[in-house]
Amino acid sequence: MLSKLAFRNVCRQIGNYLIYFITVSMTVALLFAVNNIIFGEEIGRFSETISEFRTGLTGIVVFISLIVAFVLSYATSFMLKLRKREFGTYLTLGMSRRNILILFISETMFICLIALGLGLALGLVIYQGLMAIMMNLMEMEFVLSPYSLDGVFFTIVLVVAIFVLSSFASAIYLKRVSIYDLIHGDKKVEKKVKHPKLWFIITLASLGLIAGSCLVFNRECEAVILKGSMATRMMEAVLALGVGIILFHIGLARSIVFMLLRNKWIRSRGTSTFVLRQLSGTLGSNSVMIGFLAFLLTFAVIGSNVSFMQRVSQETALNQNYPYDITYCENLYEDKSGEEIPLDEAEQIIQKYVPIENKMEYTLYTSGGQEFANHTKWSGYGYGGMTDSFMSVSDFNKICEPLGYEPIRLENEFMVIANLPEVLQFSWEDFVFEWEGIAYNYKGCSSDYPMFCYMYFYIILPDAAVETMNIESSYVIYDVKDGKYDVMNLRKELSYPYTETYAGETYTVDRTDFRIREYSRQAENSSSAILVIGALFVSAIFLFLAMAILALKTLSGISEDRRRYQMLFRLGVSDRQRGRTLFRQTFYFFLMPFLAAVLMCFPTAIICNNIMVMNGFDTLAFQVYTISAGIALVMTSVYIIYYAATYLIAKRAIVQFQI
């Protein structure tokens, strides 16, 4: 009997449950898609290049599932407000609380099963879309991917757990609430906000905190990248931003109506006073909720921007760090193991996997001194115990010209090549380097060249100057034939065992004297895939849940709003005007936590662009702004859909309701 009643109630309440149901279905679909990525065969093969892939995404999914359970329990409380009178009537007619609890759980399970089925169906499509993005990030050919039974099972377990946890709080409420509160709870008068002027001051102060935290974060990034300083205040700036966003929305929600009502022109326009009075109680009682929703949406925006920025800069950074396909360094490690692979044998191994098309050699020299290091912050210990490093101008031009760089010319001059942007802050203008009785003057310092050796910086000198120096390390660079090859096994064959002792424990690890661009590209692609897919998943979940809470909170007050809008009807306000009034009321409530999150796309894009420029990626600035604008556009589209659905449901129930 109770199961039939539960099914009938679900069918009868489908209009009120629609937004909740769609949100849950989309959440299930996203969980299904990500779980299939985690347990899929393609990623199973690919995960050999990065062991943290599955662990990272699984951790994200479980963490987000806990948040979903908490948010859905919060959203369910709004749904209960729509049905307080109904449950109170059941109790009055003699139904026990145990029966009502079973009825409610049965309804929840019906919704769970239907949402699970629809979510799995939607997930079939979303999974292929995410796999297309994943394959594109990994620069692999996309084909339709098979579905994983493990992924389906894990999704079902998570969804059931989410519904059990979200129903628990509502079940406790139904067990303890009184009949009077159920029947008359929607008639309670909302408390008036106290000290609105103080909250307005807090709003202004928190706005300054948001701006200040962004400036501090940008300055900290500059200090880390250009000066090599410790990021001591970066985390503090992020925390301050979060606190500022929450306080800003709490303060604004509790003061904006008061400030607007003081303006005679605003309150005298049509039904503006009615709208503001409606918003006064709604915003005040939900200010904390609005603050935390804005917090979630804002950091979803920031996470999405950062993940795409990392992906955009990846190829440029790869070319900067790996100018040639394969680079060999004879003395890459100071401590020799005795197991190093001879160069001629290594070249035969490379040829087995991919033909070598070009080979060049160059040498790094040392003077044994630290004259240049003494002009830097590494003075006294030679930046990690290493002495000054030098390269001949002929070797430098030889490896630069194939990459499109103009040759440099030196006559009794030296040039500093910086591998780190922070080196540019040090000054050698007045420094004269003397070697073998010849003085060499400063010509310039540049960070525009790729990384040819693994130093913080090195110095270019005329050939004659380095001929009398000691060889520090020999390098060999290779260009190989374009095309795919088994780079994983190539690197494995070019590696050798090395035994090291750390904290009293002895470990054997594999290391290699070769840096292979294709291997690093695949490893970085996997990191980008995790970051981007994880950010998209988290952002989408947060966006759907935030919009659903706003929608359900709006609809939960339909009974009270209906009575108030009936008063407007009796005062002669037309249906059209009441519809406009409802639009303004619901729109302003929806806009509050959403607008700040979207606007944060702009400072986020500016900071990301500054980071790009400081790292030498000036040409990528336009892409950063394009990505940020795209994220804002997608969020706005979802916002419009949710708001339109909420407004139409509320309008039908309030304005078009027949008295």
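Residues numbered from 1 in each chain as written. Predicted model: local features only at pLDDT ≥ 70, side-chain atom pairs only at ≥ 80, totals over all residues. Heavy atoms only, no water.

### What to know about the overall build of the chain
Next, step 1: Regarding its fold elements, the chain presents 23 helices and eleven strands.
Next, step 2: Looking at the chain as a whole, 50% of its 659 residues qualify as buried.
Next, step 3: If you take every contact in the chain between residues at least 6 apart in sequence, the share linking residues at least 24 apart comes to 82%.
Next, step 4: Taken as a whole, the chain presents about 31,700 Å² of accessible surface, with 61% of it coming from carbon and sulfur. (Helix = DSSP H or I, 4+ residues; strand = E, 2+ residues; numbered from the N terminus. Buried < 20%, exposed > 50% of the residue type's maximum accessible area, 1.4 Å probe, protein only. Contact = heavy atoms within 4.5 Å. Areas by Shrake-Rupley, 256 points an atom, 1.4 Å probe, with all protein chains shown as cover.)

### Here's the deal with the packing of helix 21 (residues 575-599) against helix 22 (residues 601-614)
Next, step 1: Look at helix 21 against helix 22: their axes get within 4 Å of each other, and the N-to-C directions meet at 20°. In this view, helix 21 runs roughly parallel relative to helix 22, as classed from their interaxial angle. Residues Ala-597, Val-598 and Leu-599 of helix 21 lie in contact with helix 22, whose contacting residues are Cys-601, Phe-602 and Pro-603.
Next, step 2: Counted by class, the contact of helix 21 with helix 22 contains six nonpolar, no polar and no charged residues. (Axes fitted to C-alpha atoms, helices over the stretch in contact; angles between N-to-C directions. Parallel < 35°, antiparallel > 145°, perpendicular 65-115°, else oblique. Nonpolar A, V, L, I, M, F, W, Y, C, P; charged D, E, K, R; others polar.)

### Concerning helix 22
Next, step 1: When the terminal C-alpha atoms of helix 22 are compared, their 20 Å separation across 14 residues agrees well with the 20 Å that a helix rising 1.5 Å per residue should span.
Next, step 2: Of the residues making up helix 22, those classed as buried are Cys-601, Thr-604, Ala-605, Ile-607, Cys-608, Asn-609, Ile-611, Met-612 and Met-614. (Expected span 1.5 Å × (residues − 1).)

### Side note on the side chain of Thr-646
Next, step 1: By the element assignment, Thr-646 lies in helix 23 (residues 621-654).
Next, step 2: Using a relative accessible area of 0% as the deciding quantity, one classes Thr-646 as buried.
Next, step 3: Ignoring any residue separated from it by four or fewer positions in sequence, one finds Thr-646 in contact with Ile-19, Ala-551, Thr-554, Leu-555 and Phe-590.

### Remarks on the pairing of strand 4 (residues 413-418)
Next, step 1: Among the six residues of strand 4, five are classified as buried, and the element is accordingly described as predominantly covered.
Next, step 2: Note: strand 4 against strand 6 (residues 438-446), five bridges, orientation parallel. Counterpart to Glu-413 in the pairing with strand 6 is Asn-441.
Next, step 3: In this sheet, strand 7 (residues 457-461) lies alongside strand 4 in antiparallel orientation, the contact comprising four bridges. In the sheet register, Val-416 faces strand 7, and the bridge partner there is Ile-459. (Pairing = 2+ DSSP bridges.)

### Re the packing of helix 12 (residues 272-285) against helix 21
Next, step 1: Interhelical geometry of helix 12 versus helix 21 gives an angle of 35° and a closest axis separation of 9 Å. The handedness of the crossing between helix 12 and helix 21 comes out as right-handed. Between helix 12 and helix 21, the contacting residues are Ser-272, Phe-274, Val-275, Gln-278, Leu-279, Thr-282 and Leu-283 on the first element and Thr-581, Arg-584, Gln-585, Tyr-588, Phe-589 and Met-592 on the second.
Next, step 2: Partitioned by chemical class, the residues of the contact of helix 12 with helix 21 number seven nonpolar, five polar and one charged. (Left-handed = near helix turned anticlockwise from the far one by under 90°.)

### Description of empty space enclosed by the protein
Next, step 1: As enumerated under the stated definition, the model contains three cavities of 30 Å³ or more in all.
Next, step 2: Its volume calculated, the second largest cavity comes out at about 40 Å³.
Next, step 3: Lining the second largest cavity we find Val-24, Thr-27, Val-28, Leu-31, Val-68, Leu-72, Val-159, Ile-162 and Phe-163.
Next, step 4: Counting only elements with at least two residues in the lining of the second largest cavity, the list comes to helix 2 (14-39), helix 4 (52-82) and helix 7 (149-176). (1 Å grid on protein atoms, 1.4 Å probe; cavity = no way out; pocket = protein on both sides within 12 Å on 5 of 7 lines; lining within 4 Å. Points joined across faces, edges and corners; volume = space filled by probe spheres on them.)

### Re the pattern of salt bridges
Next, step 1: Following the criterion strictly, the structure yields six salt bridges and no others.
Next, step 2: With a shortest N-O distance of 3.5 Å, Asp-395 and Lys-398 are connected by a salt bridge. Of the two residues, Asp-395 and Lys-398 are both situated in helix 16 (residues 393-400); the distance of three residues between them amounts to about one turn of the helix.
Next, step 3: In this structure, Arg-578 engages Asp-575 in a salt bridge whose closest nitrogen and oxygen atoms are separated by 2.2 Å. Separated by three residues within a single helix, Arg-578 and Asp-575 lie in helix 21, roughly one turn from each other.
Next, step 4: Taking the relative accessible area as the measure of exposure, Asp-575 reaches 45% and is therefore partly exposed. (Salt bridge = Lys/Arg side-chain N within 4 Å of Asp/Glu carboxyl O.)

### Comments concerning the sheet that holds strand 5 (residues 432-435)
Next, step 1: As summarised here, the arrangement of the nine strands in space is 5-6-4-7-3-2-8-1-11, forming an open sheet in which the pairing is mixed. The open sheet terminates on both sides in strands that have one partner only, identified here as strand 5 and strand 11 (514-516). Strand-to-strand twist across the sheet, computed as the mean angle between neighbouring axes with direction ignored, equals 30°.
Next, step 2: The sheet contacts of helix 16 involve strand 2 (356-366), strand 3 (389-392), strand 4, strand 7 and strand 8 (470-480), and relative to strand 3 the element is tilted by about 70°.

### Considering a nonpolar patch on the surface
Next, step 1: Taken together, the side chains of Val-62, Leu-66 and Leu-165 define a hydrophobic patch exposed on the protein surface, amounting to about 270 Å² of accessible area.
Next, step 2: On the secondary structure map, Leu-165 appears in helix 7. (Patch = residues over 30% accessible without salt bridge, like charges linked within 9 Å, V, L, I, M, F, W, Y side chains within 5 Å.)

### Some words on the nonpolar core
Next, step 1: Core analysis: the largest hydrophobic core is formed by 105 residues, its most contacted members being Phe-537, Met-547 and Met-635.
Next, step 2: With 17 residues, helix 19 (residues 517-556) is the single largest residue contributor to this core.
Next, step 3: Setting aside residues no more than four positions away along its own chain, Phe-537 makes contact with Leu-30, Leu-31, Val-34, Ile-60, Val-61 and Ile-64.
Next, step 4: Met-391, Leu-410, Cys-453 and Tyr-458 belong to the second largest nonpolar core, which has 22 residues in total. (Core = buried A, V, L, I, M, F, W, Y, C linked by side-chain atoms within 4.5 Å.)

### Let's talk about the packing of aromatic side chains
Next, step 1: Tallying each qualifying case throughout the model produces 30 aromatic pairs.
Next, step 2: With a centroid separation of 4.9 Å and 70° between ring planes, the pair formed by Phe-396 and Tyr-449 is classed as edge-to-face. Separated by 53 residues along the polypeptide, Phe-396 in helix 16 and Tyr-449 in the loop between strand 6 and strand 7 bring together distant segments of the chain. Note on accessibility: Phe-396 and Tyr-449 belong to one class, buried.
Next, step 3: Cluster of aromatic residues (ring-pair linked, three or more members): Phe-372, Phe-390, Phe-414, Phe-431, Phe-433, Trp-435, Tyr-440 and Tyr-442.
Next, step 4: Between Arg-491 and the ring centre of Tyr-519, over which it is positioned, the NZ or CZ distance is 4.5 Å.
Next, step 5: Across the ring face of Tyr-498, the terminal group of Arg-511 is positioned such that the distance to the ring centre comes to 3.6 Å. (Phe/Tyr/Trp six-rings, centres within 6.5 Å; stacked < 30°, edge-to-face > 60°. Lys NZ or Arg CZ within 6 Å of the ring centre and 35° of its normal.)

### Considering unusual backbone geometry
Next, step 1: In this model, Asn-412 sits at a positive phi of 50°, which is unusual for a non-glycine residue.
Next, step 2: Tracing the backbone through its elements, the reader meets Asn-412 in the loop between helix 16 and strand 4.
Next, step 3: In this structure Asn-412 comes out as partly exposed when scored by relative accessible area, which is 45%.
Next, step 4: Despite not being glycine, Glu-436 has its phi angle at roughly 55°, a positive value.
Next, step 5: If you trace the backbone, Glu-436 turns up in the loop between strand 5 and strand 6.

### Brief notes about the side chain of Asn-397
Next, step 1: Among the secondary structure elements, Asn-397 is positioned in helix 16.
Next, step 2: The exposure class assigned to Asn-397 is buried, which follows from its relative accessible area of 11%.
Next, step 3: Once residues within four sequence positions are removed from consideration, Asn-397 is found in contact with Pro-402, Pro-407 and Ile-408.

### What to know about the state of the cysteines
Next, step 1: All told, the structure shown has zero disulfides when counted by the stated rule.
Next, step 2: As a non-bridged cysteine, Cys-329 has Cys-453 as the owner of its nearest cysteine sulfur, 8.5 Å distant. (Disulfide = S-S within 2.5 Å.)

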